[in-house]
Each structure stands twice: as structure tokens, then as C-alpha cells.
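# Summary of structural features
Listed below, chain by chain, are the residues.
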Amino acid sequence: MTATLLQHAKPDQLVELLLPHLWVSIVDGSVPANVCVDACLTLRNAYGQLGVRAELQPVDLVIRSRNGDRIRYGSLKPSWTGTSWNGHCVLVLPDSGRIVDATVEQFDEVREIGAGPMIGKVALSVDATQDGGLMEPGAQVVLQRGDLVLTYTVAGPEALASILDHPEVVAHADGHRRTGVNVASLALAALRGEGVHERAVQAPYPRLRALLRAVGDTAYEPDEGRDIRFRLPDTDGHERWLRLDEIPLPPATPAAWPRS
């Protein structure tokens, strides 16, 4: 699946398409209790390391089958039961106008089709784009997967706050960031491949281009903690194994997202 994505994607689609599939592959079949929250927070960091802004968006999701049956997932007013979040969320990429549902295959009807994460185009208002990339509450995005029609309805800002401000999410923030850096590292390695690199350096993300130049064809491998590291010179010119977020980049390189 990953090789096919890379072969056919346009330069501005490479990162958007690749990262959700990489996340699915590294979870090794395990499903976290809050799978959509964990995926979105991890991928937000992964996209951000490569210079792509991504924002969480809680949604209500209705899946309609060919015979007209409807099943609802998520909620416009999600809540927590202990450490489990009762809702559904996706990512919005405001700079490219895309929505990413990395965990859509947690739903049986969609998983049976077997096409992987859902990625589609969305219309963003100017105000929403400037305000963290979130869509207007009540806005709908309708996408198709096989014979299924998926209608996403955007929840309000209080739904987003219910995720970001919850102690369970705050407690795992470092883990989401660490895993996100590793997903981004694997993506960067894949984007160096023959037939892909030339398009990757045309992608409209200066940070991604700077990382590709810095890394070149250097070796990479996981350390004892399973963090991906590249063999590169540090700020003092000494070669050592560096995490993606430790690689020295030119001063003009945009910072990683999210930015506080």
C-alpha cells in the first residue's frame, strides 16, 4: 500500500497520504482505548515535524450504506467515561485543505472495504483557517468509500477542549510527541527513495525540504528505546545518532508544529 501511494501521489500529496498509512502500520494490530484521539495527537506531531500544520477536529460521523441504513459514530457533544473518550475525531490540514481520518477502519463497515485511512478535500473559511485550522461548527464533509457514504459533522470548540484539557491526554503528551517524531522519521526515510525523492523536494513544505537535504542518504536505525535515529553531525560537527527533532537545520527553517 505504501509503495503504491508514493508512486502515484503528487508532490503536495506525498506527506498527507503517507503518514496515516505509516501510523496504521506501526500500531502492529493493537488498538489503543482511545484510538482516534491517540492517532490524531500522534499524527499531529508527525505532520508538524515535517512542517505540515495539522489540527484536531472532533466530529459526529454518520455512515450510510447502499440500502439506506445509517449508523452513527462520535458525537457533537463528546464526553469521557473514566479514561475512555466517547466520540470521534479527525485531523484537518488547513494549508492543503484536507481532512484525515486515520482510524476510519475501526468501524466494521469501512474495514470490510479495506482501503485504509480516509483522506478527502474540505472547504475552509478564511476565519477558520486563521483560527487554528478548525472548521466551522455544524459544517459537513461528505466522502465516499465503496458503496458507503460518510458524513462528518463538525463539533464545536468545547468538544476540542474536552480532548486537549483532559488529564488523560495531558499525561500522555510526551508519548504522542515521541511516537509522532518516529512516524515522521520513517516517512522521511521513505521519501528518500528512488522515484520519490525528486517529487518530495518539490512539496510545498520548507521544513521537509530542509530535512531531506540534511539527512541525504545517511543511515538510520532504532536505538534501545525504539526511537529512530540518523547518523549525522551535531551542532559541534561530531557525528552521532540523532533523533529527527535533534537534527541541526539552517536558521531560516520554519519551526515544527504545533507552535506555542
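Here, the structure is the one placed above.
Notes on the structure in this doc start here. (Residues numbered from 1 in each chain as written. Predicted model: local features only at pLDDT ≥ 70, side-chain atom pairs only at ≥ 80, totals over all residues. Heavy atoms only, no water.)

## Observations regarding the pattern of salt bridges
Summed over all chains, the structure comprises 14 salt bridges. Close ionic contact of D227 with R243 constitutes a salt bridge, the shortest N to O distance being 3.3 Å. Taken together, the positions of D227 in the loop between β10 (220–222) and β11 (228–233) and R243 in the segment after β12 (239–242) put the pair 16 residues apart, joining distant regions of the chain. By relative accessible area, D227 is classed as buried at 8%. Salt bridges sharing common partners tie together R177, R178, D227, R243 and D245. (Salt bridge = Lys/Arg side-chain N within 4 Å of Asp/Glu carboxyl O. Helix = DSSP H or I, 4+ residues; strand = E, 2+ residues; numbered from the N terminus. Buried < 20%, exposed > 50% of the residue type's maximum accessible area, 1.4 Å probe, protein only.)

## Some points on the packing of helix α2 (residues 14–26) against helix α3 (residues 35–49)
In a pair of packed helices, the angle between the axes and the distance between the axes together describe the arrangement. Where α2 contacts α3, the two axes come as close as 10 Å, and the packing angle between them is 135 degrees. When the axis of α2 is compared with that of α3, the two are oblique. Judged by the sense of rotation from one axis to the other, the crossing of α2 with α3 is right-handed. Taking contact as the criterion, the partners of V15, E16, L19, P20 and W23 in α2 are, on α3, V35, A39, T42, L43, A46 and Y47. (Axes fitted to C-alpha atoms, helices over the stretch in contact; angles between N-to-C directions. Parallel < 35°, antiparallel > 145°, perpendicular 65-115°, else oblique. Left-handed = near helix turned anticlockwise from the far one by under 90°. Contact = heavy atoms within 4.5 Å.)

## A look at the sheet that holds β12
With respect to topology, three strands assemble into an open sheet ordered β10-β11-β12, the strand pairing being antiparallel. Of all the strands in the sheet, just β10 and β12 have a single pairing partner and so form its edges. Strand-to-strand twist in this sheet, taken as the mean axis angle between neighbours without regard to direction, amounts to 30 degrees. Together, β10 and β11 form the strand contacts of helix α8 (residues 173–190), whose direction differs from that of β11 by roughly 65 degrees. (Pairing = 2+ DSSP bridges.)

## What to know about α2
An ideal rise of 1.5 Å per residue puts 18 Å on 13 residues; α2 measures up with 18 Å between its terminal C-alpha atoms. Of all the 13 residues making up α2, 10 are buried; the element is thus mostly covered by neighbouring parts of the structure. For α2, the complete set of buried residues consists of L14, V15, E16, L17, L18, L19, P20, H21, L22 and W23. (Expected span 1.5 Å × (residues − 1).)

## Details of the environment of A210
Within the fold, A210 resides in helix α10 (residues 206–215). Between the C-alpha atom of A210 and that of P254, which follows or precedes it by 44 residues, the distance is 9.3 Å.

From the geometry alone we can't say anything about function, so treat these as descriptive.
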